[in-house]
Amino acid sequence: MTTTDRLLGQLRDRIRGAWDTGPLFVDPIIEPGLTDRQRSAVETATGEAATLGFPVFVALVPPIGYRYQDEWDAFTADLAYEMFDQTGADTTLVLFSEAESAARSKGYVVDENGPAVPPNSDQLQVSSTGDFLPVELAVPFHLTTLVAAAKGDPLPPLPDFDPVDVGDDNGDYIEATGVDRGDPDGIVFAATSLAALGLTAWVLTRRTRYRWKATLTTAPELVRSHRLVPEVTRALEPFPEPRSADDSRWEIRDRGLRVQRAIEAITAAHPDWAKSPDHSHRQAILALVRTDRALRALVSRDRPSSAEALPAFCYFFPAHEKPVESIAWKQSGTVLTIDACRTCIADLDAGHDPVCLMVPKNPDAPSSSPVPYFRRDDAYALSGFGSFTALEDAIADLGVPGAGATMRTGDRR
Ligand SMILES: [Zn+2]
């Protein structure tokens, strides 16, 4: 761990500790340097913004060295996303401002696609006369901009600020960042562009990473690559009878029959399963024909041992190919034990949401908005494709998603 990581980690703990009790964090390191007017302007603006319908979090921090801007971009955007995640609101507004005579700020509107920066929210916000805003003006301006962006309202005009006591327009910025004087205009231009570029690139990466959340799952292609149509025909051939009276073999055969009934139910309820907009039917067929193959192999084996031979499916994306393992997944205050593949576990370890199987929110309405399949209330969701209960048993109990109540597969054996 580098010194930067350690210091950012400490700052993160201070900010999170304060945000647990209120919307405003003022770093104790800079607090004595704030004037009463600055302090009250920031408090008032934060308090007002917090009444406008969105969770709001503001942090006043010490100046962050220019060479740490990449880390600072990632740090602020990640922390903003974390706060969004914690509030559970559709949109959360998060503002970081370096408390200096020229306040460099990062304001985020965070929704489930990740943090976004409003169009006219410059990190080094200038006034209508081109002067960099001090913190007592920058914070109210950025909060107004964030609220307007979140509501879809017109963004506010630049504030009036024309410091008579600053001889050089850019002097306060130079002083604030410690950049050597020489060609102030050139340096400020380069620095501002770089900062804007770095942040935009990072935020874009973040939003691209979560783009899958906005669309229904359409890939990977499963029908041809896994020969699902002939596999369905094969799986529906009579399930072999065990050659001995051994109970465990008859249990395997009973399960094989339940799997067959589940396949029949899905294909009957959704004759278009192979090209339905709802990818979950294809993933269910894939899971069931794989289970069928494993059960057929087991029933004819000398010493059947189902624990090792039956396939398990990734909870987040059942068609994932990598081996799965059982993990404890913390989710809004609860812990679920699920099967997840290596790719998804690596995403979770890195603090990202794994790419989920996205399906229409209403299984009866293919054009409804995309949600992770496990947010629905149907057989796929409640089985977790095997993480919680066997898929074929959930289909027997609850019917096929999107088929109404009439497509039950009948009594379970
Ligand atoms: Zn996975």
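Residues numbered from 1 in each chain as written. Predicted model: local features only at pLDDT ≥ 70, side-chain atom pairs only at ≥ 80, totals over all residues.

Trainee: Got a sec to walk through the overall build of the chain? Specific residues and values, please.
Mentor: Assigned secondary structure in the chain consists of 13 helices and nine strands. Buried residues in the chain amount to 37% of all 413 residues. Considering only residue pairs separated by 6 or more positions, the chain has 63% of its internal contacts joining residues 24 or more positions apart. (Helix = DSSP H or I, 4+ residues; strand = E, 2+ residues; numbered from the N terminus. Buried ≥ 20, exposed ≤ 12 C-beta atoms within 10 Å, placed from the backbone. Contact = placed C-beta atoms within 7 Å.)

Trainee: If you had to explain the pairing of strand β3 (residues 92–98) to someone new, which residues and values would you point to?
Mentor: Most of β3 sits out of view: seven of its seven residues are buried. Here β3 shows a buried face lined by Thr-92, Val-94, Phe-96 and Glu-98 and a second buried face lined by Leu-93, Leu-95 and Ser-97. As judged from the seven bridges shared by β3 and strand β4 (residues 104–111), these two strands associate in the antiparallel manner. Pairing of Leu-93 across the sheet is with Val-109, part of β4. (Pairing = 2+ DSSP bridges.)

Trainee: A description of the sheet that holds strand β1 (residues 24–26) should follow, citing residues and the corresponding values.
Mentor: Strands sit in the order β1-β2-β3-β4-β5 across an open sheet of five strands; the sheet is mixed. Where the open sheet ends on each side, the last strands, each with one partner, are β1 and β5 (114–116). Here the strands of the sheet are splayed against their neighbours by 20 degrees on average, with no regard to which way each runs. Sheet analysis places β1 next to strand β2 (residues 56–61), joined by three bridges and oriented parallel. Its bridge partner being in β2, Val-26 is matched across the sheet by Leu-60. (Axes fitted to C-alpha atoms, helices over the stretch in contact; angles between N-to-C directions.)

Trainee: Describe in detail the packing of helix α2 (residues 36–49) against helix α4 (residues 135–151), supporting the description with residues and values.
Mentor: Orientation of α2 relative to α4, taken along the N-to-C sense of each, is 10 degrees, at an axis distance of 8 Å. Taken together, α2 and α4 sit at an angle that is classed as roughly parallel. Seen from α2, the contacting residues are Arg-37, Gln-38, Ala-41, Val-42, Ala-45, Thr-46 and Ala-49; seen from α4, they are Val-135, Glu-136, Val-139, Pro-140, Leu-143 and Val-147. The residue inventory of the contact of α2 with α4, partitioned by class, reads nine nonpolar, two polar and two charged. (Parallel < 35°, antiparallel > 145°, perpendicular 65-115°, else oblique. Nonpolar A, V, L, I, M, F, W, Y, C, P; charged D, E, K, R; others polar.)

Trainee: Give a description of the packing of helix α1 (residues 3–19) against helix α3 (residues 69–87) that names residues and reports values.
Mentor: Here α1 crosses α3 at 30 degrees, and the two axes come no closer than 12 Å. Relative to α3, the element α1 is oriented roughly parallel. Seen from above, α1 lies across α3 with right-handed handedness. Where α1 approaches α3, its residues Thr-4, Leu-8, Arg-12, Ile-15 and Trp-19 are matched on the opposing element by Glu-71, Phe-75, Leu-79 and Met-83. (Left-handed = near helix turned anticlockwise from the far one by under 90°.)

Trainee: Before we move on, could you go through the environment of His-279 and cite the residues and values that matter?
Mentor: Of note, His-279 is situated in the loop between α8 (247–269) and α9 (280–299). Counting along the chain gives 59 residues from His-279 to Pro-220, while the straight-line C-alpha distance between them is 9.5 Å. Apart from the residues lying within four places of it in its own chain, the contact partners of His-279 are Leu-216, Thr-217, Thr-218, Leu-357 and Val-359.

Trainee: Go over α9, please, and point to the residues and values.
Mentor: Every α-helix winds through 3.6 residues per turn, so residues three or four apart in the chain are directed the same way. Taking 1.5 Å per residue as the helical rise, α9 with its 20 residues ought to reach 28 Å, and the 28 Å between its terminal C-alpha atoms agrees with that figure. Taking burial as the measure, the 20 residues of α9 include 15 buried ones, the bulk of the element. (Expected span 1.5 Å × (residues − 1).)

Trainee: Would you mind going over the confidence of the model for the chain in detail, with residue names and values included?
Mentor: Of the residues in the chain, 78% reach a pLDDT of 70 or more, and the chain-wide mean stands at 80. Contacts of residues 164–202 to residues separated by more than four positions or lying in other chains number 44 contacts, the stretch itself having pLDDT below 50. Every residue in residues 405–413 scores below 50 in pLDDT, and together they form 18 contacts with partners more than four places removed in sequence or on other chains. (pLDDT = per-residue confidence, 0-100.)

Trainee: Describe the pairing of β2, listing the residues and the values that go with them.
Mentor: Within a regular strand, the side chains alternate between the two sheet faces. Burial analysis of β2 places six of its six residues in the buried class, which makes it a mostly covered element. Burial along β2 is two-sided: Val-56, Val-58 and Leu-60 facing one way and Phe-57, Ala-59 and Val-61 facing the other are all buried. For the crossover from β1 across α2 to β2, the handedness is left-handed. Summarising the sheet, β2 and β3 pair through six bridges and their orientation is parallel. For Phe-57, the partnering residue across the bridge sits in β3 and is Val-94. (Right-handed = clockwise from strand over helix to strand, strands pointing away.)

Trainee: Provide a residue-level description of unusual backbone geometry, including the pertinent values.
Mentor: For the bond from Ala-219 to Pro-220, the omega torsion is 0 degrees, close enough to zero to count as cis. One can find Pro-220 in the loop between α6 (184–209) and α7 (228–235). For Arg-227, which is not glycine, the phi torsion reads 45 degrees and is therefore positive. Summarising the element assignment, Arg-227 is placed in the loop between α6 and α7. What makes Arg-227 partly exposed here is the crowd of 13 C-beta atoms within 10 Å. One non-glycine residue, Phe-385, lies in positive phi territory at about 50 degrees. Note that Phe-385 resides in the loop between α12 (379–383) and α13 (391–398).

Trainee: Go over α1 with me, naming the residues and quoting the values.
Mentor: The end-to-end C-alpha distance of α1, which contains 17 residues, comes to 24 Å, matching closely the 24 Å that a straight helix rising 1.5 Å per residue would cover. If you check which residues of α1 are buried, you get Leu-11, Ile-15 and Trp-19. The arc that holds every buried residue of α1, seen down its axis, measures 75 degrees, which confines them to one face. Exposed side chains of α1 directed beyond 90 degrees from the buried face belong to Thr-3, Asp-5, Arg-6, Gly-9, Gln-10, Asp-13 and Gly-17. In this structure, the buried residues of α1 make contact with β1, β2 and α3. (Arc of directions from axis to C-beta.)

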